[in-house]
Amino acid sequence: MIRTINIVLIFVSVAMLAGVYALKFSIEGTAAERTALTAKIHDQEGELSLLQADWAVLNQPGHVDPIVRRHEMELAVGPVKQEQFGAFTAIPMRPARPDTAAMDALFNAIAEGIDPIDAILELEGIE
Amino acid sequence: MAITADDFSPAIALVGARKQRVNLTQARIRWMILALVLGFGVICGRLVMLGMVETDQSIEGQTRDVIQASRPPILDRNGLEMAVDIRVPSLYAEPRRIVDVEEAVRKLRTVLPDLREDWLRNRLSGDKGFVWVQRELTPAIEDAVMQLGIPGVDFITESKRFYPGMREASHILGSTNVDNQGIAGIERHMDTESIALLQELGLARGAALTPVELSIDMRAQHVMHDQVVDAMTRYQAIAAAGVMMDIHTGEIIALASVPDFDPNDPASALVKDTFNRVTAGIFEPGSTFKTVTLAGALDSGMVKLTDQFDARYGVRFGRFTIDDFHGKHRILSLPEVYKYSSNIGTIRVMQAMGKDAFRAFLSRMKFDERVQFELPEMRVPTVPKEFSEVGAATASFGHGLSVSPLHLVAAYSAFANGGNYIAPTIYKRDVATAEQLYERVISEDASASIRYLMRLNAISAGGSGSQMNKAALGYRAGGKTGTAEKVVDGRYSSSKVTNFFASAFPLDNPKYAMVIMVDEPKAENPQSGTTAGWNAGAITGRVIQRVAPMLGIAPDFSEALDQQIVPASVRQLYPEGF
C-alpha cells in the first residue's frame, strides 16, 4: 500500500519537477522576448523621433519659403498683394431678373443646330 | 572485579571525569576561538575585498536618467514644432576592458577622424570604468563603429534637443547644453519652472511630456526674421531686431534679433554681438519716445489735441539750444508736432504737463524697471531717477535715457489697446486671463488720440511713416519713427544712428503692435536716406504686408475706416481729418 503511494508520489514529484523546469524555461524565453521587444521599441522610438524631427523641419516656413522662391518663375507665384484680396461684399449682387432675351437667343441657336460651345472648342483647336 | 572497579571507579573517574571535562571544555573553547577567528577572518577579508572594489563608474544607474532625460516639445501657437527631442547615439568606452589601446585608437580614427590621436589614446588608456568618447553622433556613425568590433567601446542612446526652425527663433528658444539642460531663452526659463525637478526625480525619462505652447506664430516669426536678416544686407546695418505683440493679450507673436546664433550649435551663441537686442539691448529710443510724451500729456489733461505749440525758435537751456531736425519754425498744432517730429514742440508739450508728472508717467509705463517677461536675458533700462529741466526736455524726445525695444512695444500696445498696460508673455494667453492683469495707464480718450496720431503719421503728407505705409497699404498701419544718434567719443554722431519704428495695426481696430530696430544703417540707394523712415519704417511696412493676411487681417482701402478714427475735436481743426 505504502509502496504504491510512494511510487505514485515519486512520479508526481518528477512530473512536477519537469513542469517547474518547463515553466522556468518558458518564462526565461518570454523575458528574452520582452527584452528584445523593449529594445526594438526603443530603437523604433529613436527612429520615430528622427522622423518627427524631419517632418518638423520640412514643415517650417523657413524651409518652405526658399523652395517657393526657387520655383517662383516656373510656377508664376509670388507673395500675395493687397489687391488680390476680395470680400463677399465685393461680389456684385445677382441680377434682379434673368436676361430672357439672351436665353431665348441661345435656345433658338441650339434648336437650329448651332452650338456656341462648338465654336469655342474649334477656336481652341480641341476636337 | 566489578566491585573493585565499582569501588575505584568513582575516585579515578572523579579525577578522570574532571580532567576529561577540562580537556573537553578546552577543546571546545579552542574550536570556538577557531570558529570565531575564521568568522572574523572571513568578515575582514570581505571588508578588504569591498574596500578594494572600484566603484562602478558605468553609465548604468543614476546617470542614465540624467542623460536620457527628455524635455517637452515646444510648439508655436499653431502647433508647429519649434523644439523636439531626438534620440541620438553617444560613443563611450570602458578603458579597463580595452585590450589593445593602439588598435582601438587607430580603428576609431578611421570613422571619427576629428578626434586627436594623443587625446584619444589618453582617454582610452587607464583603468577607468567609463569615459565619453564623443557624444551625440549619427546612426550612420554608430553602425560604422559597431562594424569595427572594438571591445570595450559601445553606444548609449541619448536625448538631444533639436530645433527644426534652425536660426529663426533662436533668441526665443535659447538652447540646451549637452546634458539637455536649458542654458538660454525659454529653455532656461522652463528649467527654472519645473522641468529640472522632473528630470532630477527621473520622471522625465522617456515619458511623453505635455508640449509647451508658445505664443509665437512661426509664419510671422519667419517673416520677421527674414526681414531683419534682409536689413543687414540691404542697409549694411550692424544689427537689426524686431518684435511684434498682440496688444490685447500681451502675447509675443514674433521676436527676432540679428546677428543671431544656431540653437542646434550652442557654441555659436558665444560669438560676440549675438545677444537678444529686443530684451537685453537698451537703446536711446529717439523720437519713438515722443508718442510716450504725448500720451502722458494727453492723459494728464494739460494738453489737448487741438492745442498749438510755438516751434518758431529752438528751446534754450543755458548754453544749449535744442532745435528741430527738419524744422518748420512756425506755430504747430499737436498733430503737426507729432507728424513733423518736432523736438521743440514735444518739449513744450512735456513742459505743459510738468517734468515731475512726466517722470511719474514713465514709472507708470514701467520704463524704469525690467519688463516682466519669461526670457532670462534682460537688462535694466537706464532712466534717471529725477529729471533736471534739460534732462526732462531731452527725455521727452527720447534722449538721455535707454530702454529696450520690448519696453517700447509694451508701451505702444498699451497706447493702442485703449490704455491698458499688459506685460508681454511668450506663453499662450487668452484675452480673459489678460484682462485680469490689465493696468490702466492712460485714458480711453488719450488712447484714441494716439491711434489717430499714429495713423496720421502714416498717411498724411510729410508724415515720417509714409515709407512704411507704401508697402502696408490697406492694412491701416501707423507708427512713429525714431532716429537716435549714437554717442561716439562722448558726442552724438550724426553718421552713426540707431533707428526705430514703433507701430500698431490695423488702427481702426488695433490688434498688433510692433517695434523694429536697425542699428547703424546706411542708405539703401543714393535717393534714400538713413533716417528711420527709410529703413526701420520700410521694414515695418514689408512685415505688415506679409504678416497681416496670415493673422487674418484683410486689406481695406476704404477711406471711411481712416476717417472713423479721427477724434471729434480734431474735426474742428481739420475738417478733412488728416
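Structure: see above.
Residues numbered from 1 in each chain as written. Chains lettered and ligands numbered in written order. Predicted model: local features only at pLDDT ≥ 70, side-chain atom pairs only at ≥ 80, totals over all residues. Heavy atoms only, no water.

Notes on the overall build of chain A
(1) Moving on: Of the regular secondary structure elements, chain A holds 5 helices and 0 strands.
(2) Moving on: Helices and strands in chain A line up, N terminus first, as α-α-α-α-α.
(3) Moving on: With respect to the principal axes defined by its C-alpha atoms, chain A has extents near 120 × 45 × 35 Å.
(4) Moving on: Every one of the 127 residues in chain A was classed for burial, and the buried ones make up 7%.
(5) Moving on: When the accessible surface of chain A is summed, it comes to about 11,300 Å², and 68% of that surface belongs to carbon and sulfur atoms.
(6) Moving on: Put simply, chain A has 9 plus and 18 minus side-chain charges, and the middle of one group is 21 Å from the middle of the other. (Helix = DSSP H or I, 4+ residues; strand = E, 2+ residues; numbered from the N terminus. Buried < 20%, exposed > 50% of the residue type's maximum accessible area, 1.4 Å probe, protein only. Areas by Shrake-Rupley, 256 points an atom, 1.4 Å probe, with all protein chains shown as cover. Lys, Arg positive; Asp, Glu negative; His and termini not counted. Charge placed at Lys NZ, Arg CZ, Asp CG, Glu CD.)

Quick look at the overall build of chain B
(1) Moving on: Assigned secondary structure in chain B consists of 20 helices and 16 strands.
(2) Moving on: Taking 2.2 N^0.38 as the reference for a compact globule, 578 residues should give roughly 25 Å; the C-alpha atoms of chain B span a radius of gyration of 37 Å, well beyond that estimate.
(3) Moving on: Across its three principal directions, the C-alpha atoms of chain B cover 155 × 60 × 50 Å.
(4) Moving on: In chain B, which comprises 578 residues, the proportion classed as buried is 52%.
(5) Moving on: Contacts in chain B between residues at least 24 apart in sequence constitute 71% of all its contacts with a sequence separation of at least 6.
(6) Moving on: When the accessible surface of chain B is summed, it comes to about 25,900 Å², and 55% of that surface belongs to carbon and sulfur atoms.
(7) Moving on: Placing the 61 positive and 67 negative side-chain charges of chain B at their respective mean positions leaves the two points 3 Å apart. (Rg over C-alpha atoms; globule rule 2.2 N^0.38 Å. Contact = heavy atoms within 4.5 Å.)

Some remarks on helix α8 (residues 218-234) of chain B
Residue and element names in this part refer to chain B.
(1) Moving on: Helix length check: α8 (17 residues) gives 23 Å between terminal C-alpha atoms against 24 Å at 1.5 Å per residue, within 8%.
(2) Moving on: Those residues of α8 that sit buried are M218, A220, Q221, H222, V223, M224, H225, Q227, V228 and A231.
(3) Moving on: Once α8 ends, the next one or two residues include Q236, with phi positive near 45°. (Expected span 1.5 Å × (residues − 1).)

A closer look at the pairing of strand β2 (residues 81-93) of chain B
Residue and element names in this part refer to chain B.
(1) Moving on: Of all 13 residues that make up β2, 13 are buried, and the element is covered over most of its length.
(2) Moving on: In sequence, strand β1 (residues 74-75) turns back onto β2 through a hairpin of 5 residues, with G79 there showing a positive phi of about 90°.
(3) Moving on: Strand direction decides the pairing type here: β2 and strand β4 (residues 153-162), joined by 10 bridges, are antiparallel. Of the residues in β4, the one forming a bridge with V88 is E158.
(4) Moving on: The pairing of β2 with strand β3 (residues 131-134) spans 3 bridges and is classified as antiparallel. Among the inter-strand pairings, Y92 is bridged to a residue of β3, identified as W132. (Pairing = 2+ DSSP bridges.)

As for the packing of helix α9 (residues 288-300) of chain B against helix α11 (residues 343-353) of chain B
For any two helices packed against each other, one specifies the crossing angle of their axes together with the interaxial distance.
Residues and elements named next belong to chain B.
(1) Moving on: It is at 9 Å that the axes of α9 and α11 come closest, and there the two elements cross at 35°. Our pair here, α9 against α11, has a crossing hand that is left-handed. In this structure, α9 contributes K290, T293, L294, G296, A297 and S300 to the contact, and α11 contributes N343, T346, V349, M350 and M353.
(2) Moving on: Classifying every residue of the contact of α9 with α11 by side-chain character gives 5 nonpolar, 5 polar and 1 charged. (Axes fitted to C-alpha atoms, helices over the stretch in contact; angles between N-to-C directions. Left-handed = near helix turned anticlockwise from the far one by under 90°. Nonpolar A, V, L, I, M, F, W, Y, C, P; charged D, E, K, R; others polar.)

Observations concerning the side chain of E336 of chain B
Residue and element names in this part refer to chain B.
(1) Moving on: On the secondary structure map, E336 appears in helix α10 (residues 334-339).
(2) Moving on: Given the relative accessible area of 15%, E336 is considered buried.
(3) Moving on: A polar contact of 2.9 Å, which involves the side chain of E336, links it to the backbone nitrogen of S333.
(4) Moving on: Not counting the four nearest positions on each side in its chain, E336 is found in contact with R330, I331, S341 and Y574. (Polar contact = N/O pair within 3.5 Å; in protein donor to acceptor, adjacent residues only side chain to side chain.)

Concerning the packing of aromatic side chains
Two descriptors summarise a pair of aromatic rings, namely the distance from one centre to the other and the angle between the planes of the rings.
(1) Moving on: Tallying each qualifying case throughout the model produces 8 aromatic pairs over all chains.
(2) Moving on: For the pair Y21 of chain A and F25 of chain A, a centre-to-centre distance of 6.2 Å together with 40° between the ring planes defines the contact as tilted. Here Y21 of chain A and its partner F25 of chain A are both found in helix α1 (residues 2-59), 4 residues apart, which amounts to about one turn of the helix.
(3) Moving on: For Y21 of chain A, a relative accessible area of 45% gives the class partly exposed.
(4) Moving on: A relative accessible area of 48% means that F25 of chain A is categorised as partly exposed.
(5) Moving on: With a centroid separation of 6.0 Å and 65° between ring planes, the pair formed by F283 of chain B and F500 of chain B is classed as edge-to-face. Of this pair, F283 of chain B sits in the loop between β7 (252-258) and α9 while F500 of chain B sits in strand β15 (residues 491-505), and the two are 217 residues apart along the sequence.
(6) Moving on: Looking at F283 of chain B, the relative accessible area reads 11%, which means it is buried.
(7) Moving on: According to the relative accessible area criterion, F500 of chain B is buried, its value standing at 1%.
(8) Moving on: Through successive ring pairs, a cluster of aromatic residues spans Y92, F130 and W132 of chain B.
(9) Moving on: The aromatic ring of F25 of chain A is capped on one face by K24 of chain A, whose charged end is 5.0 Å from the ring centroid. (Phe/Tyr/Trp six-rings, centres within 6.5 Å; stacked < 30°, edge-to-face > 60°. Lys NZ or Arg CZ within 6 Å of the ring centre and 35° of its normal.)

Read these as geometric descriptors, not functional statements.
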